[in-house]
Amino acid sequence: MMKDFDVIVIGAGHAGIEAALASARMGQKTLLATLLLEEVGFMACNPAIGGTAKGHLVREVDALGGEMGVAADKALLQIKMLNTAKGPAVHSLRGQEDKRLYQEIMLETLKNQPNLTLMEGEVTELLTKDKKVRGVRFSDGEEYAAKAVVLATGVYLDSRVITGEEITKSGPAGFPYAKGLTKSLVENGLQIRRFKTGTPARIKKSSIDFGKMETQEGDETIHTFSFLHDEKLTNQLPCYLTYTNAETHKIIVDNIDRAPMYNGSITGVGPRYCPSIETKIMRFRDKERHQIFVEPEERTGESMYIQGMSTSMPKDVQEAMYRTIPGLEHCEFLKYAYAIEYDCINPLQLTPWLGVKCVEGLFSAGQINGSSGYEEAAAQGVVAGINAA
C-alpha cells in the first residue's frame, strides 16, 4: 500500500536538509529519508561553514529561506572574515562549528517542521512510469508515491572507505552505505561516475603542544551568517597554524608506493581544491612547507581537526608524518585519515534548475552531482527543493 507525498528527498545531509525544508515550507507534503538519524547534517570533514566563495553561498541560502546560516550561527565556535587585505567582493565569512551541536539543531529543526516527515531507512529503487517519477521503494519493500523526488545521497552511493591497504564498504565515519540505488539510477538512464574525497585525522587535544603553533583568533567585530540574527559571537575558541617540513615530505615520498592514490587502489576523481597532502607534496616538489590548521570540532570535546593533512596513507605512515609537524610530535590519534570513493552522476544530464533531463520529476543536489562542500550542497539543495515543490 503506497503512502502519498508531494516530494520525497533521499538523503539528509546538507543538500537533503535544505531541499526538504524548502519543499515543506512551500506547503508540499514532504518525506525526507535517511539511512540513520545520526547522519542528519553530519560534517564528515572539517566542521566549518563558509570560507572563500562559500561564505557567499551561505548568505544566498539564507536569503532564500534556507537553514544553514541559522544553524551555523547557533553552533559557532569561532567566526572571522577572510581575505580582508583584498577587495570587498572577495571578503568571505567563515565559522568554525561545534559539529555535534550543529547536528542536534538541524535534527530538531526537521522534526518540528510542518509538512515534513523524517524517516530512517534505505531507498533502493526509483519508481517511474513513462520516464516520469511516481515514487520510491525502500529496502524493506515499502513503497511511497510522490510527484517529485530529490536525490541528495552525498558520498553514500556504493561507497568504500580506504586507509592504506584497508578497504571497507562503508559510508563516512563508519556509517552505513547505500547499496541498491545506483542500479535503479542506471536503469532510468543516468550516467554514473566514480569520485573520491578524503578527510584528515582527528587528534586528541591534550596531546598537542599548542606553544609550538601560531594562534589564530576569531574576529570580535564580525556579525553572524544569517540575516535573521545580529548578535555577535562571544567566548570564541582559537584555532592554530603550523607547517609541514622536509622530514614530513620525505616520509610521504618514501612511502608513495603505499598511497592508494598512486598505487591504483583508488580510481575515482578527487576534488581540485582540497587535494591530499601526498598530492600536494608530489605536485609541488619545490614547496618547502605547507600550511596546516589545527581546529576544534566541538566546544567541550578532545577532537581536533588537522586541516591540510587529508590523506589515505596507511596508519603507520600517518603516525610517522603527523609527528614530524611542530606541535604534533606526541599526538594521539582519535580517528585516522581516510579516503572515500562513491558513485555520482554526470551533471551534464541536469537542467539549470537541477532537474534530471531523462526522468521528469527527478531532481539532484549536492555531492551526487560531482561537487564537493557543505555550502555548495546546501545551495543546490535549496534550488532543487524549490523546483521540486
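The structure under discussion appears in the preceding block.
Bear in mind the structure is a predicted one, so any value in this text is a computation, not a measurement.

Trainee: How would you sum up the nonpolar core? Please name residues and give values.
Mentor: Ranked by size, the top nonpolar core spans 69 residues in total, and within it I8, I49, Y102, V136, V149 and L362 carry the most contacts. Broken down by element, the residue count for this core peaks at seven residues, all from helix α10 (residues 374-388). Those residues in contact with I8 that lie beyond four places of it in its chain are L31, V136, Y144, A145, A146, A148, V149 and V150. Counting residues in hydrophobic clusters, the runner-up holds 26 residues, among them I203, Y240, M309 and L328.

Trainee: Hey, could you go over the pattern of salt bridges for me, with residue numbers and the actual values?
Mentor: Going through the model one piece at a time under the given rule, you end up with 23 salt bridges. Of the charged contacts in the structure, one is a salt bridge between R25 and E67, with a shortest N-O distance of 2.8 Å. Taken as a pair, R25 in helix α1 (residues 14-25) and E67 in the loop between α2 (54-63) and α3 (68-74) lie far apart in primary sequence, 42 residues in all. By relative accessible area, which is 8% here, E67 ends up buried. One salt bridge connects E376 with K54, and the closest N-O pair in it is separated by 3.0 Å. Taken together, the positions of E376 in helix α10 and K54 in helix α2 put the pair 322 residues apart, joining distant regions of the chain. For E376, a relative accessible area of 18% corresponds to the buried category. Among the charged side chains, a network of salt bridges with common partners joins R160, R194, E341 and D343.

Trainee: Got a sec to walk through the environment of R134? Specific residues and values, please.
Mentor: When you line up the elements, R134 lands in strand β9 (residues 132-138). Between the alpha carbons of R134 and A146 there is a distance of 5.4 Å; along the sequence they are 12 residues apart.

Trainee: So what's going on with the packing of helix α6 (residues 246-254) against helix α9 (residues 315-322)? Which residues, and what values?
Mentor: Following both chains from N to C, one finds α6 and α9 inclined at 165°, their axes separated by 9 Å at the closest point. Taken together, α6 and α9 sit at an angle that is classed as roughly antiparallel. When the axes of α6 and α9 are compared, the crossing they make is right-handed. In contact with T248, I251 and I252 of α6, α9 contributes V317, A320 and M321. Residues that form the contact of α6 with α9 fall into these classes: five nonpolar, one polar and no charged.

Thresholds applied
- Residues numbered from 1 in each chain as written.
- Predicted model: local features only at pLDDT ≥ 70, side-chain atom pairs only at ≥ 80, totals over all residues.
- Heavy atoms only, no water.
- Core = buried A, V, L, I, M, F, W, Y, C linked by side-chain atoms within 4.5 Å.
- Buried < 20%, exposed > 50% of the residue type's maximum accessible area, 1.4 Å probe, protein only.
- Helix = DSSP H or I, 4+ residues; strand = E, 2+ residues; numbered from the N terminus.
- Contact = heavy atoms within 4.5 Å.
- Salt bridge = Lys/Arg side-chain N within 4 Å of Asp/Glu carboxyl O.
- Axes fitted to C-alpha atoms, helices over the stretch in contact; angles between N-to-C directions.
- Parallel < 35°, antiparallel > 145°, perpendicular 65-115°, else oblique.
- Left-handed = near helix turned anticlockwise from the far one by under 90°.
- Nonpolar A, V, L, I, M, F, W, Y, C, P; charged D, E, K, R; others polar.

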